[in-house]
Amino acid sequence: METKNIVIGIIVIAVVAAMAGYVISSHAQATTTQTTTYQPQVLLRYHGKFGRGSVLSAVEVSPEYNSTVLNILRSNSETSQLMNQGYSIVAIRPLIKAYVDANGDVSFKATQSIVVLSNSTAVYTYLVDISNNSVNLISYHSLIYRQECMCPCKTPR
């Protein structure tokens, strides 16, 4: 039983890390204009024959859920300071868990959310726990813009 709990824990950590990486990489090159609008939805991927596929919008998030997450962010000193410094919310992505009871009935609950704050120089990713009203930093990335492509496909000028 203990081995099963360890394996489940590792799987959950891997899923959270993969989702955080996806959110960071898809929103790292955000526009430099400051905006507070974001798309309140969860993205699912359809993996075709070779593991690539289109992105499908499957779950729409209510404004009440978003406002709950925003209130928790504003109550945290670190994230409220970032928002006061001009960081905008790029994404709010709920982590949806499925629960199966003894009768086999399935219910879904989103007690945590991944939030990405960004400006033109940095990207912060936070895990917001709604049940505990807590905010934990997952990652921080500094954005560096280069004027010239450094890839090997181009010859030096």
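Residues numbered from 1 in each chain as written. Predicted model: local features only at pLDDT ≥ 70, side-chain atom pairs only at ≥ 80, totals over all residues. Heavy atoms only, no water.

### Things to note about the pairing of strand β5 (residues 122-129)
Stage number 1. Buried residues dominate β5, accounting for 8 of its 8 residues.
Stage number 2. What you see with β5 is no split at all: A122, Y124, Y126 and V128 on one side and V123, T125, L127 and D129 on the other are buried throughout.
Stage number 3. Across 7 bridges, the pairing between strand β4 (residues 106-118) and β5 is antiparallel. Each bridged residue has a counterpart across the sheet, and for Q112 the counterpart in β5 is D129.
Stage number 4. Taking the residues that link successive antiparallel strands as the turn, the β4-β5 hairpin has 3 residues.
Stage number 5. Counted between consecutive antiparallel strands, the loop separating β5 from strand β6 (residues 134-142) contains 4 residues, among which N133 sits at a positive phi close to 50°. (Buried < 20%, exposed > 50% of the residue type's maximum accessible area, 1.4 Å probe, protein only. Helix = DSSP H or I, 4+ residues; strand = E, 2+ residues; numbered from the N terminus. Pairing = 2+ DSSP bridges.)

### Brief notes about the pairing of strand β3 (residues 88-100)
Stage number 1. In terms of strand pairing, β3 meets β4 through 11 bridges, oriented antiparallel. Bridge pairing in β4 places A98 opposite F108.
Stage number 2. In this structure, the hairpin formed by β3 and β4 is closed by a connection of 5 residues, where G104 is found at a positive phi of approximately 90°.

### Examining the sheet that holds β4
Stage number 1. Strand order in this open sheet of 4 strands is β3-β4-β5-β6, and the pairing throughout is antiparallel. Here the strands that pair on one side only, and so sit at the sheet edges, are β3 and β6. Strand-to-strand twist of the sheet, defined as the mean angle between neighbouring strand axes without regard to direction, takes the value 20°.
Stage number 2. In the sheet, β5 pairs with β6 via 8 bridges, with the strands oriented antiparallel. Each residue of the ladder has a partner; that of V128, found in β6, is V135.
Stage number 3. Relative to the sheet, helix α3 (residues 77-84) contacts β3, β4, β5 and β6, its axis offset from that of β5 by approximately 140°. (Axes fitted to C-alpha atoms, helices over the stretch in contact; angles between N-to-C directions. Contact = heavy atoms within 4.5 Å.)

### Section: the packing of helix α2 (residues 63-75) against α3
Axes are the key here: two packed helices are described by the angle between their axes and the distance separating the axes.
Stage number 1. Running from N to C, α2 and α3 point in directions that differ by 95°, and their axes come no closer than 5 Å. One element, α2, and the other, α3, form an angle in the roughly perpendicular class. For the pair α2 and α3, contact is made by L73, R74 and S75 and by S77, T79, S80 and M83, respectively.
Stage number 2. Grouping the amino acids of the contact of α2 with α3 by side-chain chemistry returns 2 nonpolar, 4 polar and 1 charged. (Parallel < 35°, antiparallel > 145°, perpendicular 65-115°, else oblique. Nonpolar A, V, L, I, M, F, W, Y, C, P; charged D, E, K, R; others polar.)

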